[in-house]
Number of protein chains: 2
Amino acid sequence: MQHEKPIVNSELSSQQVKDIGEQGLLKRLQRFCPPEIIGDDAAVLETAPGQSLVVTTDVLVDGVHFSNITTSPEDAGWRAAAANLSDLAAMGASPLGITVGLGLPGEVRVSWVERLYQGMTECLQKYNTSIVGGDIVRSPVTTLAITAFGQVNPSQIIRRSAAVVGNAIIVTGVHGASKAGLELLLHPELGQDLNDEEKTALIRAHQRPQPRLDVLPILWKILASPCPMPHAPCPLPIAGMDSSDGLADAIIQICRASGVGALLERREIPLPKTFNYWLTQEQGLEYALYGGEDFELVLCLPQELASALVQHLGEGAAIVGSITSGSTVLLHDQQKKFPDQVLSLSQGFQHFNS
Amino acid sequence: MQHEKPIVNSELSSQQVKDIGEQGLLKRLQRFCPPEIIGDDAAVLETAPGQSLVVTTDVLVDGVHFSNITTSPEDAGWRAAAANLSDLAAMGASPLGITVGLGLPGEVRVSWVERLYQGMTECLQKYNTSIVGGDIVRSPVTTLAITAFGQVNPSQIIRRSAAVVGNAIIVTGVHGASKAGLELLLHPELGQDLNDEEKTALIRAHQRPQPRLDVLPILWKILASPCPMPHAPCPLPIAGMDSSDGLADAIIQICRASGVGALLERREIPLPKTFNYWLTQEQGLEYALYGGEDFELVLCLPQELASALVQHLGEGAAIVGSITSGSTVLLHDQQKKFPDQVLSLSQGFQHFNS
């Protein structure tokens, strides 16, 4: 029985999953879960009366979606949790909890797994939610499958399909920072003109993205009182999604689902200020449109509500364009320095094909 | 554009995931999902008023939890869905839907994935539920992460921790059939004295296990009227779980969680009748106790309710013993042919260690 001899620190840190088995690992990870949910076949959660349940799931694979080169286990955990919370925010939902399915080679260090859970828990705690269940199995490749649950007032569900011609298109923050942070991690020789603080801010945007659940109460407040459009159904149906696969992808997906087009104003897309020091305008814009993983919300609202929301959200939030008839998503330059450009998904991230 | 030339059948059947990409595969799989849930960041589900949400998750890895040798993709799909529905049944919950996270090597055939979804859907349809969301990603190993959601009246939650001394222990059906079916698949030379129908029945128990959601309405009916125990809280708290990791595991887990022991009567454990033709008593009992994947429910109830439930459930259901004080799970032989035997988890299935 390995537990009967004293374990010294160096042994602990080199301990592998196969040394303690699934049951041993589960015991070590229980401190990351609320005590009341442990020990049954499934977790029990309460939804508030009248709320709908929202469910989203992501699978992340070592070497495909994360790697020890650019991502510490804590950051991998944070990012995985953040991506799922962002999907909830994109639907207008508040989180109820997540389940974590973990596939692990026996050679993975126990401390790596604990640090992964530490990162997930840090992100979840910030948004007042927690890990409520999971499964740990043997696998030749480290795999993380997260399912997040949330609840939403049915009249406040945000859908991709609800954009209408004339809506303003809002982004809740700057875009391109996550991609820029990744580039700085992969190529430390880049960004020589940035100081340490500026570099750290971009890298942190990549490592610790912030799902925009904070936008929701502000949005509801602006929509609620007084009913802003007396001739429209109130509350309004809101169109939107998150920009996890890039801003271009988000706008194109909304337009496709809503059967509309969009006109984006090139100079209105908010980029990190530090982009000017080391990226051309074109590079910065490419990071914003196609970099992905900024986890901001892209929302379509009547112009006056959009302006009010941008004002309340403050720095980074911006109206970047408007919904048009047709089906084309055009990138336009008011100053006519650049010709109009049609945006398409093929430049964006595609699994398998990329 | 590959879609512009006509595709002949032989090309279709040899098509690989990398040929059509994630988006192409998603389109092909949409027919397995209800149309209203497609196209947003997350799925929206309704829980009935006053019901609690129940959530469970499983990860299955190719070569660890399923293999093309013994399992067709349809059966792998069915079994994965059934295991999660069984976890819901074990909590007393009715299914609301499942999400499917899929990791796939690019070389996997599209037809394999479609057949996997076909199997999942067949199982879900039988229990009036469906796939409500998912994620498909590239992975070096085929990985299936399922999360199932259900709802339960909070007063009817079945927990492992609610067993009390004197309770009868019920199983809702025969045990060992799934393990026997697997052995027949792996070693076709076994079971020479079984006819084809008998073999098929055991193999089918392995390939198409039936989660016992059908037990729940019968259980509630027996408990409801008239309130059977005037001095006890009514409805009674019910103890139980499913026998997915073997009957021994289920009883030991219930006893641990409830701080009690159990006395099992060796001859009362229901085995498939056909075991007599090709297995010794000891082999049959080992399959029942440690084989796993029978997906029956193991419930602990006052004796008179237990008898009523067994009567209603009919063939296969049985009272196999009773809850005792202490912490030992004893296998007893009324006929005293075998000495008492203490059951422990170490003989059962353990990931990593096995």
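Sequence order sets the numbering: in each chain, residues are counted from 1 along the sequence as written. Working convention: letters from A go to chains and numbers from 1 go to ligands, in the order in which they are written. Totals for whole chains, interfaces and linings use every residue, but because this is a predicted model, local features are given only for residues with pLDDT of at least 70 and side-chain atom pairs only at 80 or more, for both listing and counting. Side-chain calculation: all heavy atoms of the structure are included, whereas hydrogens and water are not.

For the pair chain B and chain A, the superposition axis carries a translation of 0.0 Å, the fit reaches an RMSD of 0.0 Å, and the rotation angle comes to 180°. Taken together, the rotation and translation relating the two chain copies correspond to the operation of a two-fold axis. Note on contacts: a residue pair is in contact if any heavy atoms of the two residues lie within 4.5 Å. Most of the interface of chain B is mirrored in chain A, where 100% of its interface residues again form contacts. Residues below a pLDDT of 70 in either copy are left out; the C-alpha atoms of the rest, at least 70 in both, set the least-squares superposition of the copies.

This next bit is on the side chain of aspartate 135 of chain A. We count a stretch as a helix when DSSP gives it H or I for four or more residues in a row; a strand needs E for two or more, and each element gets its number in order from the N terminus. Along the chain, the position of aspartate 135 of chain A falls in strand E4 (residues 131-138). Within the buried set, aspartate 135 of chain A has no salt-bridge partner at all; the shortest N-O distance to an opposite charge, 10 Å, is to arginine 160 of chain B. Reaching out from aspartate 135 of chain A, the side chain makes a polar contact with the backbone nitrogen of valine 59 of chain B at a distance of 2.7 Å. If sequence neighbours within four positions are ignored, aspartate 135 of chain A has contacts with Glu22, Val100, Gly101 and Leu102 of chain A together with Thr57, Asp58 and Val59 of chain B. Type-normalised accessible area, obtained with a 1.4 Å probe on protein chains alone, sets the label of each residue: buried when under 20%, exposed when over 50%, and partly exposed for intermediate values. Asp and Glu are treated as the negative residues and Lys and Arg as the positive ones, with His and the ends of the chain left uncounted. Whenever Lys or Arg places a side-chain nitrogen within 4 Å of a carboxyl oxygen from Asp or Glu, that contact is recorded as a salt bridge. Polar contacts, as counted here, are pairs of nitrogen or oxygen atoms within 3.5 Å of one another; within protein the pair requires one atom able to donate a hydrogen and one able to accept it, and residues that are adjacent in sequence qualify only if both atoms are side-chain atoms.

Time to look at the pairing of strand E3 (residues 94-104) of chain B. All names here are of chain B. Burial within E3 is extensive, with 10 of its 11 residues counted as buried. Note: two strands are recorded as paired if DSSP finds a minimum of 2 bridges between them. Sheet topology note: the E3/strand E5 (residues 143-152) ladder contains 9 bridges and is antiparallel. From the neighbouring strand, leucine 102 faces E5, where its bridge partner is leucine 144. Relative to strand E4 (residues 131-138), E3 is paired through 7 bridges, and the arrangement is parallel. Note that in E4 the partner of valine 100 across the bridge is glycine 134. Viewed along the sheet, the connection from E3 through helix H4 (residues 110-126) into E4 turns out right-handed. With strands facing away from the observer, any crossover in which the path from the first strand over the helix to the second runs clockwise is taken as right-handed.

Let's shift gears to the UniProt feature "binding site: Mg(2+) 2" (unreviewed entry) in chain A. According to UniProt, the "binding site: Mg(2+) 2" (unreviewed entry) feature falls on Asp58 and Asp87 of chain A. Spanning 30 residues, the named residues form one tight spatial group whose C-alpha atoms are at most 9.7 Å apart. Inspection of the secondary structure assignment puts aspartate 58 of chain A in strand E2 (residues 52-61). Not counting residues within four places of it along the chain, the set of residues in contact with aspartate 58 of chain A comprises Ala83, Asn84, Asp87, Leu144, Ala145 and Ile146 of chain A together with Asp135 of chain B. UniProt positions are given in the numbering used here, feature names are shortened, and annotations may be inferred rather than shown by experiment.

Let's shift gears to the pattern of salt bridges. Close approach of charged atoms allows side chains with opposite charge to pair. Residue and element names in this part refer to chain A. Tallied over the entire structure, the rule returns 26 salt bridges over all chains. The shortest N-O distance in the salt bridge between arginine 31 and glutamate 114 comes to 3.2 Å. A residue pair is termed long-range when its members are at least 10 positions apart, and arginine 31 in the loop between helix H2 (17-29) and strand E1 (43-45) and glutamate 114 in helix H4 (residues 110-126) qualify at 83 residues. Each of Arg28, Arg31 and Glu114 takes part in salt bridges that share partners, so that together they form one network.

Let us now look at the UniProt feature "binding site: substrate" (unreviewed entry) in chain A. All names here are of chain A. As recorded in UniProt, the feature "binding site: substrate" (unreviewed entry) lies at His65, Glu293 and Phe349. You can see glutamate 293 is positioned in the loop between helix H9 (281-291) and strand E10 (297-301). If we skip the residues at most four places from it in the chain, glutamate 293 touches Arg79, Ser178, His206, Pro209, Ser243, Ser244 and Asp245.

On to the sheet that holds strand E10 (residues 297-301) of chain B, then. All names here are of chain B. Taking strand neighbours across the sheet as the criterion, the 8 strands line up as E6-E8-E10-E7-E11-E9-E12-E13 in an open arrangement whose pairing is mixed. In the strand order of this sheet, the two ends are held by strand E6 (158-159) and strand E13 (341-342), each with one partner. Relative to strand E11 (residues 318-324), strand E9 (residues 261-265) is paired through 4 bridges, and the arrangement is antiparallel. If you follow glycine 261 over to E11, its bridge partner there is threonine 324. Inter-axis angles, ranging from 0 to 180 degrees, are taken between N-to-C directions of lines fitted to C-alpha atoms, where helices are fitted over the stretch in contact. Across the sheet, helix H3 (residues 73-90) touches E6, strand E8 (238-242) and E10, and the angle it forms with E8 is around 170°. Each of strand E7 (168-171), E8, E9, E10, E11 and strand E12 (329-332) touches helix H8 (residues 247-258); the most contacted strand, E8, lies at about 145° to it.

Looking now at helix H8 (residues 247-258) of chain A. Residue and element names in this part refer to chain A. With 12 residues, H8 extends 17 Å between its outermost C-alpha atoms, agreeing within 8% with the 16 Å of an ideal straight helix rising 1.5 Å per residue. Within H8, 10 of the 12 residues are buried, leaving the element largely enclosed by the surrounding structure. Among the residues making up H8, those that are buried are Leu247, Ala248, Asp249, Ala250, Ile251, Ile252, Gln253, Ile254, Cys255 and Ser258. Among the residues trailing H8, glycine 259 stands out with phi positive, at a value near 65°. Given the number of residues in a helix, its expected span is that number minus one, multiplied by 1.5 Å.

Below, the discussion takes up the interface of chain B and chain A. Listed as interface residues are 60 residues of chain B and, on the opposing side, 60 residues of chain A. Buried surface at the junction of chain B and chain A, both sides included, amounts to about 5,000 Å², of which 59% is carbon and sulfur. Between chain B and chain A we count 0 salt bridges in total. Joining chain B to chain A, the criterion identifies 10 residue pairs in polar contact (both at pLDDT 80 or more). Per-element accounting of the side of chain B that touches chain A gives the leading share, 9 residues, to strand E2 (residues 52-61) of chain B. Under the scheme applied here, ten amino acids are nonpolar (Ala, Val, Leu, Ile, Met, Phe, Trp, Tyr, Cys and Pro), four are charged (Asp, Glu, Lys and Arg), and all others, including Gly, are polar. A class-by-class count of the residues in the side of chain B that touches chain A yields 27 nonpolar, 21 polar and 12 charged. Strand direction decides the pairing type here: E1 of chain A and E2 of chain B, joined by 3 bridges, are antiparallel. The quantity reported as buried area is the accessible area (1.4 Å probe) lost by two parts once they are put together, taken as the sum for both.

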